[in-house]
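Chain by chain, the residues run as shown.
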Amino acid sequence: MGKKHIQLSTPSSLHASQALTPPTAMATTHKKHLSAFANDLLSTSALKLGTSVDRLVEEFEAGWQPETTGYSRKLVEFCSSKALNELCSKVLGDGSLSRFTFNMMLAWEMPDSADEDSHTECVAKEKEERKRPPKETEEQDEIPLFYSDLMPLLVDNEPSIGEDAFAWLGSLFPLVADIVNGRFTFETLTAPTGNRLHFPAYDKFLKEIDKCIKHLQKQATPKGVELADDEFILHVEGTASTQRVVRHIGGASWPGRLTITNYALYFEAMGVLSYEDAFKIDLSKDIDHHVKSGATGPWGAPLFDKAIVYESPELSESIILEFPEITSSTRREHWLALSKEVMLLHQFLNKFKIESPIQAWEMHSRTILGIIRLHAAREMLRISPPDPTKFLIFALFDELPKGDYVLGELAKSLKNANSGRLCSASSILRSLNVSQQSIAVAEVKEESAGESESASASGQAEKFSTLESAINQAREEEEETFIAKATTEGLKEEGIGDNVLVLREQLRPLMNVLPWFQEIVQWKRPAVTLLVITMTLVIIYKEWFHQAIAAFLLWIVAKMLRARQENVRDKHNKIVVSKASDQTTIESIVSAQHGFITVQDIVKTANIAILKIQSILVSRTNKHANTVMMVMVGLAILVAVVPLKFIFMATTTFYFTTTSKLGKYIANDKGNRRLKEWWDSIPVVPVEIED
């Protein structure tokens, strides 16, 4: 028991980027139908495996089915998988790792010579396009320095890789990306470079991963805490070399050091000479707890939106942690995403009953590597920090539409997959010299199950095909949701006055229907009124409520189809709201004052009505209470004896009769007057307002 660290196995680790070592004579056989990238990959793979290209091809063809398409790509996947397993099991920190894995992606993307020719044509077209003056956009102001200044110097016509190749590598080598969110990671890394990943950027990404792992190794264990065997420090702030973290308790503020692991948050308040014992916020409990953003300020005033708030039924009050910044809330968003990721990880394990220690540790390992990749990307894109959720698994799919489907498929794939394969997330952490007793025991079981691990990348692709389809569906719906939300951003930024004007404009069609309805009720169109009364009474008597609702829904569908045929969406592609007014400034102020008084009167009337009803219910005056009880008993007997449809028919007939000329002729206002007098005579419950 004690401090646990993630440590790299060699000093040079991931950040050497020299070219591939020239193959020896043993592995110089070239295949004409393969591209130059694929031939180089086969030669290098044979060299690393201590065999020849021909033997690799023979081993592949022994399990190859002639009716299967994509011979070249399957061959590349087979050789890459074998060579990568060798690297993972021996020297993960080999100097040529970044170049070799990048060449793997190049060979996978262009396995045939025909693919290479088409790529050459695309490069030629890009050269012509570069001669044209580029269009400046606002987004270029936010491009990180590494991309805007260094990339043009580092990349001329060097080949680059696309999203599919990066996602494929993530399925084999989870240090670079995870198969679940690899495509989202790729989009974030390549947003400034046209969704193409060049080797300098890829190599820098691996270098930053190495630096982050070494940085985590140096972090101190929170004071007075013994970390569990499988608990690892993932991020620390509040030290002398980092920015402040402040805990707010009531009106008091306590600066200190905050540490997050894959199980909990630890806050150490700053003492006179050292930190006090850490306060633990357990994120792994299976309770109804959550973490959210919050605002803080002096004496508890919510002035600065730069804090996270942890709420739990086990705590009497919320825990508030502030991350002070001058401008943005980047630090708060980062810590909020990490806290949610750890919390959602344990909710995932509990929800899908991942009881196997090996499977649970594999999921922990994938989460740890995802957080390390996020740290690396933040250092790489420091000027414009990326969205944290794009590098995390659970925080991402907790927000995405259909994300719960993806997590369900992830749980199935986790239970069916072999966690003991040489390049699994847990195996990579072991290669990084992560050692503890519990994982060492699991390692023995995994290696016994992984001795027969010789499955090719194609087999892994088939295993994750259902998961991939769920991810693609989530991405498609995310794009649709993003486009839909973008249309509402302008409306959200408007003030309450403008929003009221927009609401009135949208309700205008309903307001136009109101005069037509009043004409029917007031018998200004007698024929239509009689038709409405007859239809209403027939529907009530025959109890055709279901048919009436169905007819109404079909009428709406018909109106929608008509609007589509008349192309209304293009004719009225926006709503124009006019803010112009015929009133002067003084008239507008007086009108607003009258509106405020009207709202105030409505609130008063509502309060008085509720208080009068409460007086009746508690029999504050027996006379009024007895009257109400007698009326309610009579209504109860009427409803119990008379069928409900006849009551509705009588009510409808009575209403239309009172609005007709006959009803107005025989109307007697005495009943309404007596009812008003009776209502006014009801005393209310006294109300006392205290300061």
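What counts and how
- Residues numbered from 1 in each chain as written.
- Predicted model: local features only at pLDDT ≥ 70, side-chain atom pairs only at ≥ 80, totals over all residues.
- Heavy atoms only, no water.
- Helix = DSSP H or I, 4+ residues; strand = E, 2+ residues; numbered from the N terminus.
- Buried < 20%, exposed > 50% of the residue type's maximum accessible area, 1.4 Å probe, protein only.
- Areas by Shrake-Rupley, 256 points an atom, 1.4 Å probe, with all protein chains shown as cover.
- Salt bridge = Lys/Arg side-chain N within 4 Å of Asp/Glu carboxyl O.
- Axes fitted to C-alpha atoms, helices over the stretch in contact; angles between N-to-C directions.
- Parallel < 35°, antiparallel > 145°, perpendicular 65-115°, else oblique.
- Contact = heavy atoms within 4.5 Å.
- Nonpolar A, V, L, I, M, F, W, Y, C, P; charged D, E, K, R; others polar.
- Pairing = 2+ DSSP bridges.
- Expected span 1.5 Å × (residues − 1).
- Phe/Tyr/Trp six-rings, centres within 6.5 Å; stacked < 30°, edge-to-face > 60°.
- Lys NZ or Arg CZ within 6 Å of the ring centre and 35° of its normal.
- Left-handed = near helix turned anticlockwise from the far one by under 90°.
- pLDDT = per-residue confidence, 0-100.
- Core = buried A, V, L, I, M, F, W, Y, C linked by side-chain atoms within 4.5 Å.
- Arc of directions from axis to C-beta.
- Patch = residues over 30% accessible without salt bridge, like charges linked within 9 Å, V, L, I, M, F, W, Y side chains within 5 Å.
- Polar contact = N/O pair within 3.5 Å; in protein donor to acceptor, adjacent residues only side chain to side chain.

Caption draft 1: Here's a closer look at the overall build of the chain. Secondary structure assignment for the chain yields 28 helices and eight strands. With 691 residues in all, the chain has 40% of them scored as buried. Entry remark: accessible area of the chain is about 40,100 Å², with carbon and sulfur atoms responsible for 58%.

Caption draft 2: Spotlight on the pattern of salt bridges. All told, the structure shown has 27 salt bridges when counted by the stated rule. Its salt-bridge partner being R196, residue E109 comes within 3.1 Å of it at the nearest N-O pair. Here E109, found in helix 4 (residues 97-109), pairs with R196, found in the loop between helix 8 (182-189) and helix 9 (199-217); they are 87 residues apart in sequence, far enough to count as distant. For R196, a relative accessible area of 27% translates into the label partly exposed.

Caption draft 3: How the structure looks around the packing of helix 24 (residues 585-617) against helix 28 (residues 670-680). Relative orientation of the contacting elements helix 24 and helix 28 amounts to 80 degrees, with a least axis distance of 11 Å. Between helix 24 and helix 28, the angle is such that the two are roughly perpendicular. Contact residues: A609, K612, I613 and I616 in helix 24; W678, W679 and D680 in helix 28. Split by residue class, the contact of helix 24 with helix 28 holds five nonpolar, no polar and two charged.

Caption draft 4: Structural context of the pairing of strand 2 (residues 245-249). Strand 2 sits mainly inside the fold: four of its five residues count as buried. Pairing analysis gives five bridges linking strand 2 to strand 3 (residues 252-261), with the strands arranged antiparallel. Of the residues in strand 3, the one forming a bridge with V246 is P255. The loop that links strand 2 with its antiparallel partner strand 3 comprises two residues; one of these, G250, has a positive phi angle of about 65 degrees. Taken together, the three bridges between strand 2 and strand 8 (residues 319-322) define a ladder with antiparallel strand orientation. Each bridged residue has a counterpart across the sheet, and for R247 the counterpart in strand 8 is L321.

Caption draft 5: Molecular detail of helix 24. Relative to the 48 Å expected for 33 residues at 1.5 Å per residue, helix 24 spans 48 Å between its end C-alpha atoms, a close match to the ideal helical length. When helix 24 is considered as a whole, its buried residues turn out to be L611, K612, S615 and I616. Summarising the contacts, the buried residues of helix 24 are in contact with helix 25 (622-641) and helix 28. The first or second residue beyond helix 24 is S619, which carries a positive phi of 55 degrees.

Caption draft 6: Layout of the packing of aromatic side chains. All told, the structure shown has 16 aromatic pairs when counted by the stated rule. Consider the rings of F60 and W64, whose centres lie 5.5 Å apart with planes at 35 degrees: the pair is tilted. Taken together, the ring pairs in this structure connect F60, W64, Y71 and F78 into an aromatic cluster. Directly above the ring of W679 sits K612, whose terminal nitrogen or CZ lies 5.7 Å from the centroid.

Caption draft 7: Main features of the pairing of strand 7 (residues 304-311). Note that strand 6 (residues 290-296) and strand 7 share six bridges and pair antiparallel. Looking at the pairing, G294 lines up with A307 of strand 7. In this structure, strand 7 lies alongside strand 8, joined through four bridges in antiparallel fashion. Each bridged residue has a counterpart across the sheet, and for I308 the counterpart in strand 8 is L321.

Caption draft 8: Representation of the packing of helix 4 against helix 7 (residues 163-172) in the model. Where helix 4 contacts helix 7, the axes come no closer than 9 Å and their chain directions differ by 125 degrees. The angle between the axes of helix 4 and helix 7 places the two elements in the oblique class. Helix 4 and helix 7 meet at a crossing whose hand is right-handed. Along the contact surface, helix 4 presents T101, M104, M105, W108 and E109, while helix 7 presents D164, A165, F166, W168, L169 and L172. Residues belonging to the contact of helix 4 with helix 7 are distributed by class as follows: eight nonpolar, one polar and two charged.

Caption draft 9: Region of interest: the confidence of the model for the chain. On average, the chain scores 80 in pLDDT, and the residues at 70 or more come to 80%. This model gives residues 1-28 a pLDDT under 50, and the stretch forms 93 contacts once residues within four places in sequence are excluded. Contacts for the low-pLDDT stretch residues 130-145, under 50 throughout, to residues beyond four places or in other chains number 12 contacts.

Caption draft 10: Spatial organisation of the nonpolar core. Counting residues in hydrophobic clusters, the biggest one holds 89 residues, and the most contacted among them are I161, F166, F173 and Y202. Contact partners of F166, with chain neighbours within four places excluded, come to M105, I161, V176, A177, G182, T185, F186, L189 and L197. By size, the runner-up hydrophobic cluster in this structure holds 24 residues, among which are M363, V406, L407 and I471.

Caption draft 11: Structural view of helix 2 (residues 53-62). Buried residues of helix 2: V53, L56, V57 and F60, and no others. Looking straight down helix 2, one finds its buried side chains confined to an arc of 95 degrees; they lie on one side. Projecting away from the buried face of helix 2 at angles above 90 degrees are the exposed residues R55, E58 and A62.

Caption draft 12: Spotlight on unusual backbone geometry. A positive phi is found at N195, a non-glycine position, where the angle reads about 60 degrees. Structurally, N195 is set in the loop between helix 8 and helix 9. Phi at K353 takes a positive value of approximately 55 degrees, unusual for a residue other than glycine. Secondary-structure assignment places K353 in the loop between helix 10 (330-351) and helix 11 (357-380).

Caption draft 13: Seen up close, a nonpolar patch on the surface. Together, L503, L507, L510, M511, V513, L514, W516 and F517 give the surface a local cluster of nonpolar side chains, amounting to about 780 Å² of exposed area. Here the nonpolar patch gets six residues from one element, more than from any other, and that element is helix 20 (residues 508-521). The exposure class of L514 is partly exposed, given its relative accessible area of 39%.

Caption draft 14: Molecular detail of the environment of Y275. Relative to the elements of secondary structure, Y275 occurs in the loop between strand 4 (264-269) and strand 5 (279-282). The class for Y275 is buried, based on a relative accessible area of 18%. Considered as a pair, Y275 and R257 are 18 residues apart in the sequence and their alpha carbons are 7.9 Å apart. Beyond its immediate stretch of four places on either side in the chain, Y275 contacts K223, G238, T239, G256, R257, E268, A269 and M270. At 3.4 Å, the side chain of Y275 forms a polar contact with the backbone oxygen of G238.

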